[in-house]
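The residues making up each chain are set out below.
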Amino acid sequence: MFLAALSYAYFAKTLSGSYMKSTITQLERRFDIPSYLIGVIDGSFEIGNLLVIAFVSYFGAKLHRPKIIAAGCILMSLGTFLIAMPHFIIGRYKIETTFRASANSTSQLSPCPVSSLESSRAGDRPSSLPSEGCEQESSISMWMYVLLGNVLRGIGETPVQPLGISYIDDYAQSENAALYIGCVQTIAIIGPVFGFLLGSLCAKIYVDVGYVDMETITITPEDARWVGAWWLGYLVAGTVTLLSAVPFWFLPKSLPVPVDKHDSVCTPEQTRFIKDADSPTLDHKIRPEEPTNLHMMANEFVPTLKILLGNPVYIIYLGVTIIQFNSLIGMVTYKPKYIEQHYGQSASKANFLMGMINIPAVALGMFSGGVVMKKFKLGVMGAAKFAFGTSLLGFFLSFLFLAMGCENSKVAGITVSYTGVDDLSYQEQSLFSDCNSGCLCSTKEWDPVCGENGITYISPCLAGCTSSSGSGRNMVFDNCRCVSVTNVQPGNITASLGQCSPRRSCDGVFPYFLALSVLSSFVISLGGTPGLMLLVRCIKPELKSLALGIHTLATRTLAGIPAPIYFGAIIDTTCLKWAYSTCGGKGACRIYNTSSYRIVYLGLTLGLRAVSFFLCVWGFALLKRHIKREEKEALSNQNGELESLRKDENSSMHCEQFILSPDCNPERETRL
């Protein structure tokens, strides 16, 4: 029952966590914030963990673990509901556009305002200037509610892993513990499947659905300005998380200890790494069944922590996993965005592919790793070698992603010139040309149109269009002078709303990218369960909860918090065109340099993993030396025990001879 309850709790927390990852681009656009700020929001979950995890892991192991997990699930659900709250506070989403006209209007306004001497002196169009009272209208401060909600989610999630895993390992039979933990990890991976599928569904639904007439919406889900119903998924995830708290309230504080754990405090492998050291702090072990003594637990905390951190194998393990988690968290956080920007897919499709293709491969890998541990009965060294081998193989497979590149989208004045020649530019002046010099165009807004020549223009004005026809999504712009520059066909040259379709060169590469992504995810995740069991088996039972807690604390502090921030900041450096917020500040990025994005995103991911392998080599050498030393000590101790046994036998024989002396009656001695 505890295994089922913990599996559902893992499912709920990973569902909401993966849904947060799937809404990254939606939150960027809705709150007009860059990627690095999204990284701060994403890392705030780990900040919540940082606040309480060490104390929850240590003191929680001595208290009623199931009820503490239940309280954490309630906090997680409250935080998830808080994330959705800004949608109900701020106003309706305003689509960034340079051309506004009534959907029922028959006489359209010209997309090309005529430039005059006075207007050119005035500068840009009025629509690009900050409006009066913009601070009140701007939604930029509303992302703070999302950040606070994520912090609360992090606090609530804290007890689930360290207390749940240690509870299973304490009360499950030794040979079944690895399989049970593998089952929990597998169910936990199913959560992201539903999380990304939920993100895919919500990304298709317009953010203000039910409040606006969808016929008036001129953008599609493929548009860089589209914002889906991000808030809806958080309401669903919050409800699911709230339900996960129910069964833990009815579970006991402790269960019967298995027979194979009655006679030994720890396994031989565990005694190799952390010794009792005759420390008085460990002489009085507090069991869950004993009455709780908070004062004694508080006095034991610091000495116990010193013993744990004095284990060199544990320290090396921490270093390796911190670096690996930096690579993993940064990669997973921005992978849906990478699929969107690099391969021209919509946010909905990117989330769908993550949920249906990538995550099941990870789940299968985690479960297979647990089965391998049970079938081959891998020890500490075996688990370490298996985890290292799978990680190294996945590393080499990931190098192939660098060869699966796509060319930049053709955007006039940014990636190509107005004559159609490839010319990458970060300067706003390159957006102007002789064909649009007669129009008073703004360079701030992003309102793309697709010309007949297959080139995207930032706005109808910059495309040199002088008139329009139709309404809503069917609006067409006519007499576009900039489009005709690269078009030899005479007559009316038109442009339609939205960016041009993705590059054809990506259509053939994208399936191979998905196949390689599935294979590399499966291979890397094979080492997940052996890696976790390596941590558990190196630690004495009374230190297990604290060791798992410190491990989680370190990885989330040094990986979960900074990785999304610096990954996002580096990705921001590849932006070619920024949107601008209501008050004129820099908002979300509209288009990236595809080649630079690929190099910095994959290069940083692979570089971090390469560094971790050097630590692994050091760790293996340290582990082998430690095991050899302990085996020698164990052999000498065994010889000492044999000597003492022989002495005992000799003394007992002497006693028998004394008892069976001639003065004694054997029959009476037998009766006695």
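As the structure is a computational prediction, the values presented were derived from the model and not from experiment.

What counts, and at which threshold
Residues numbered from 1 in each chain as written. Predicted model: local features only at pLDDT ≥ 70, side-chain atom pairs only at ≥ 80, totals over all residues. Heavy atoms only, no water. pLDDT = per-residue confidence, 0-100. Helix = DSSP H or I, 4+ residues; strand = E, 2+ residues; numbered from the N terminus. Contact = heavy atoms within 4.5 Å. Axes fitted to C-alpha atoms, helices over the stretch in contact; angles between N-to-C directions. Left-handed = near helix turned anticlockwise from the far one by under 90°. Nonpolar A, V, L, I, M, F, W, Y, C, P; charged D, E, K, R; others polar. Pairing = 2+ DSSP bridges. Phe/Tyr/Trp six-rings, centres within 6.5 Å; stacked < 30°, edge-to-face > 60°. Lys NZ or Arg CZ within 6 Å of the ring centre and 35° of its normal. Patch = residues over 30% accessible without salt bridge, like charges linked within 9 Å, V, L, I, M, F, W, Y side chains within 5 Å. Areas by Shrake-Rupley, 256 points an atom, 1.4 Å probe, with all protein chains shown as cover. Salt bridge = Lys/Arg side-chain N within 4 Å of Asp/Glu carboxyl O. Lys, Arg positive; Asp, Glu negative; His and termini not counted. Charge placed at Lys NZ, Arg CZ, Asp CG, Glu CD. Buried < 20%, exposed > 50% of the residue type's maximum accessible area, 1.4 Å probe, protein only. Core = buried A, V, L, I, M, F, W, Y, C linked by side-chain atoms within 4.5 Å. Disulfide = S-S within 2.5 Å.

**Here's the deal with the confidence of the model for the protein**
Mean pLDDT for the protein: 78, with 79% of residues reaching 70 or above. Of all secondary-structure elements in the protein, the lowest mean pLDDT belongs to helix α5 (residues 117-122), at 39, while helix α10 (residues 230-244) reaches the highest, 94. The low-confidence segment residues 116-133 (pLDDT under 50) makes 22 contacts with residues lying over four places distant or belonging to another chain. Contacts of residues 658-672 to residues separated by more than four positions or lying in other chains number three contacts, the stretch itself having pLDDT below 50.

**So, the packing of helix α8 (residues 160-171) against helix α19 (residues 544-560)**
Put simply, α8 and α19 touch, their axes get as near as 9 Å, and they point 145° apart. The handedness of the crossing between α8 and α19 comes out as right-handed. On α19, the residues that touch Q161, P162, I165, S166, D169 and D170 of α8 are K544, S545, L548, G549 and T552. Broken down by class, the residue content of the contact of α8 with α19 amounts to three nonpolar, five polar and three charged.

**Notes on the sheet that holds strand β1 (residues 449-451)**
Spatial ordering of the open sheet is given by β2-β1-β5-β4-β3, a layout of five strands whose pairing is antiparallel. Each edge of the open sheet is held by one strand with a lone partner, namely β2 (456-457) and β3 (467-469). Alignment of β1 against β2, held across two bridges, turns out to be antiparallel. Bridge assignment links V449 to a residue of β2, and that residue is Y457.

**Considering the packing of aromatic side chains**
The final tally for this structure, using the stated rule, is 25 aromatic pairs. Across from the ring centre of Y10, 4.7 Å away, lies the NZ or CZ of K13, which sits over that ring. A cation over a ring is seen here: R92 above Y211, with NZ or CZ 4.1 Å from the ring centre.

**Here's the deal with a positive patch on the surface**
Together, K385, K624, K628 and K632 make up a region of like positive charge exposed at the surface. With three residues, helix α21 (residues 594-659) is the largest single contributor of residues to the positive patch. Judged by relative accessible area, K624 falls into the partly exposed class, the value being 44%.

**Some points on the nonpolar core**
Ranked by size, the top nonpolar core spans 57 residues in total, and within it F2, L6, F248 and Y314 carry the most contacts. Those residues in contact with F2, other than ones at most four positions away along the chain, are P66, I69, G164, Y167, I168, F248 and L251. Among the nonpolar cores identified, the runner-up in size contains 31 residues, and I33, I219, W230 and W231 belong to it.

**Looking at the state of the cysteines**
Inspection of every chain in the model, using the stated rule, returns five disulfides. Between the sulfur atoms of C441 and its disulfide mate C461 the distance is 1.9 Å. Taking the sign of the S-S torsion, about -85° here, the bridge from C441 to C461 comes out left-handed. Here C461 lies in the loop between β2 and β3 and C441 lies in the loop between α15 (380-398) and β1, a separation of 20 residues in the sequence. When its relative accessible area of 5% is taken as the criterion, C441 is described as buried. Judged by its relative accessible area of 2%, C461 is buried.

**Describing the side chain of S348**
Examined against the element boundaries, S348 turns out to sit in helix α14 (residues 347-376). Here S348 falls in the buried class, since its relative accessible area comes to 5%.

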